[in-house]
Amino acid sequence: MARGARTFKVTLELSDSDRCCYESLPLTVALHPSEQAERMLARLIAYGLCFEEGLSFGRGISSQDEATLWRHDEGGVLQHWIEVGVPDAERLTRFSRRAPRLTLFAYGSSTPVWWKQHESVLSKLEGLTVLVLDHRVLSRLAQELSNRFSLGVVRSGGQLYLDIDGKVQDEMALSVLCGEG
């Protein structure tokens, strides 16, 4: 963990009817000193929406060669690389060579401009899925975080319903720019 990182105890309550995945996941998550709370929330949402056995947090923000999230099979072979934000197209191209599946959860006000700039390259990458999270929703929810909280993530019919501690609720459409959602 990076020096000066803030640690959160999170219970991720996942109800994903699109994948028939229902879990209550206790997690300890570090907020890197250079990371915004919105990005940490995006990481947690990505964790929930991609959850399967073997999924773990990488060092991501503090290591250029590790994923934000990744899943290795039982033999240690990388199966799924997951990123959050709007990374450079070269970075995503490099990562796409390391795993058969690459998922990006893009967010931020610059996402439409970023996609327009990189769509021609990224849409050709095999195994890439690009999903967009609404940065305004992330920002509203981030204001409600405490050191211990519960994050409810409900996905049904491509719609996402989120809540913090069962009270602060918001909804966001899960837009798919590329690949399968």
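Shown above is the structure to which this text applies.
All values derive from a computational prediction rather than experimental measurement.

## What about helix H4 (residues 135-142)?
No. 1: Those residues of H4 not exposed but buried are Val137, Leu138, Leu141 and Ala142. All buried residues of H4 lie within an arc of 130° about the axis, which places them on one face of the element.
No. 2: Buried residues belonging to H4 abut helix H1 (37-50), strand E9 (159-164) and strand E10 (168-173).
No. 3: The opening residue of H4, the one whose side-chain oxygen lies 2.8 Å from the backbone nitrogen of arginine 136, is aspartate 134.

## Section: the nonpolar core
No. 1: Counting 41 residues, the largest nonpolar core has Ile45, Phe105, Leu133, Phe149 and Leu151 as its most contacted members.
No. 2: The set of elements that each furnish at least two residues to this core consists of strand E1 (6-16), strand E2 (21-31), H1, strand E5 (78-84), H4, strand E8 (148-156) and E9.
No. 3: Sort the elements by how many residues they give to this core and H1 lands first, with 10 residues.
No. 4: Not counting residues within four places of it along the chain, the set of residues in contact with phenylalanine 105 comprises Ala46, Leu49, Cys50, Ile82, Glu83, Val84, Gly85, Leu131 and Leu133.
No. 5: One finds Ala67, Leu78, Leu102 and Cys178 within the second-largest nonpolar core, a separate group that totals 18 residues.

## With respect to helix H3 (residues 111-122)
No. 1: With 12 residues, H3 extends only 14 Å from end C-alpha to end C-alpha; this falls clearly short of the ideal 16 Å at 1.5 Å per step.
No. 2: Residues Thr111, Trp114, Trp115, His118 and Leu122 constitute the buried set of H3. In a view along the axis of H3, the buried residues occupy a sector of 105°, so they form one face of it. Away from the buried face of H3 by more than 90 degrees, exposed residues Pro112, Val113, Lys116 and Gln117 are located.
No. 3: Packing partners of the buried residues in H3 comprise helix H2 (89-96), strand E6 (101-106), strand E7 (128-132) and strand E11 (175-178).

## Considering the sheet that holds E5
No. 1: The strand order E3-E4-E5-E6-E7-E11 describes an open sheet built from six strands, whose pairing is mixed. The open sheet terminates on both sides in strands that have one partner only, identified here as strand E3 (55-57) and E11. Averaged over all pairs of adjacent strands, the angle between strand axes in this sheet comes to 20°, irrespective of strand direction.
No. 2: Pairing analysis gives three bridges linking E7 to E11, with the strands arranged antiparallel. Bridge pairing in E11 places valine 132 opposite serine 175.
No. 3: Packing of H3 onto the sheet brings it into contact with E6, E7 and E11, and relative to E7 it is tilted by some 170°.

## Things to note about the packing of aromatic side chains
No. 1: Going through the model one piece at a time under the given rule, you end up with six aromatic pairs.
No. 2: Ring geometry for tryptophan 70 and tryptophan 81: centres 5.6 Å apart, planes at 90°, overall edge-to-face. Taken together, the positions of tryptophan 70 in strand E4 (residues 69-72) and tryptophan 81 in strand E5 put the pair 11 residues apart, joining distant regions of the chain. The exposure classification of tryptophan 70 matches that of tryptophan 81, with both residues buried.
No. 3: For the pair tryptophan 114 and tryptophan 115, a centre-to-centre distance of 6.1 Å together with 45° between the ring planes defines the contact as tilted.

So, how was this worked out
- Counting of residues starts from 1 at the beginning of each chain's written sequence and follows it residue by residue.
- Residue-level local features of this predicted model are given only where pLDDT is at least 70; pairs of side-chain atoms are given and counted only at 80 or more, and the full residue set underlies all totals for whole chains, interfaces and linings.
- Side-chain metrics in this entry use all non-hydrogen atoms of the structure; hydrogen atoms and water are not considered.
- Between buried and exposed lies partly exposed: a residue is buried under 20% and exposed over 50% of the maximum accessible area for its type, with that area taken using a 1.4 Å probe on protein chains only.
- Only DSSP runs of H or I covering at least 4 residues are called helices, and only runs of E covering at least 2 are called strands; the numbering of each starts at the N terminus.
- The arc in question is formed by the directions pointing from the helix axis toward the C-beta atoms.
- Between two residues, a contact is recorded if the distance between any of their heavy atoms is within 4.5 Å.
- Contacts described as polar in this section are N or O atom pairs within 3.5 Å, which, within protein, must combine one atom able to donate a hydrogen with one able to accept it, while residues neighboring in sequence count only if both atoms come from side chains.
- We call a set of buried Ala, Val, Leu, Ile, Met, Phe, Trp, Tyr and Cys residues a nonpolar core when their side-chain atoms join them within 4.5 Å.
- Between the first and last residue of a helix there are one fewer steps than residues, each counted as 1.5 Å, and that sum is the expected span.
- Pairing between two strands requires that DSSP report at least two bridges joining them.
- Helix axes are fitted to C-alpha atoms over the stretch in contact, other axes to C-alpha atoms as well, and angles between N-to-C directions run from 0 to 180 degrees.
- Stacked, tilted and edge-to-face are the three classes assigned to paired rings of Phe, Tyr and Trp, where Trp is represented by its six-membered ring and a pair needs centres within 6.5 Å; plane angles under 30 degrees give stacked, over 60 edge-to-face, the rest tilted.

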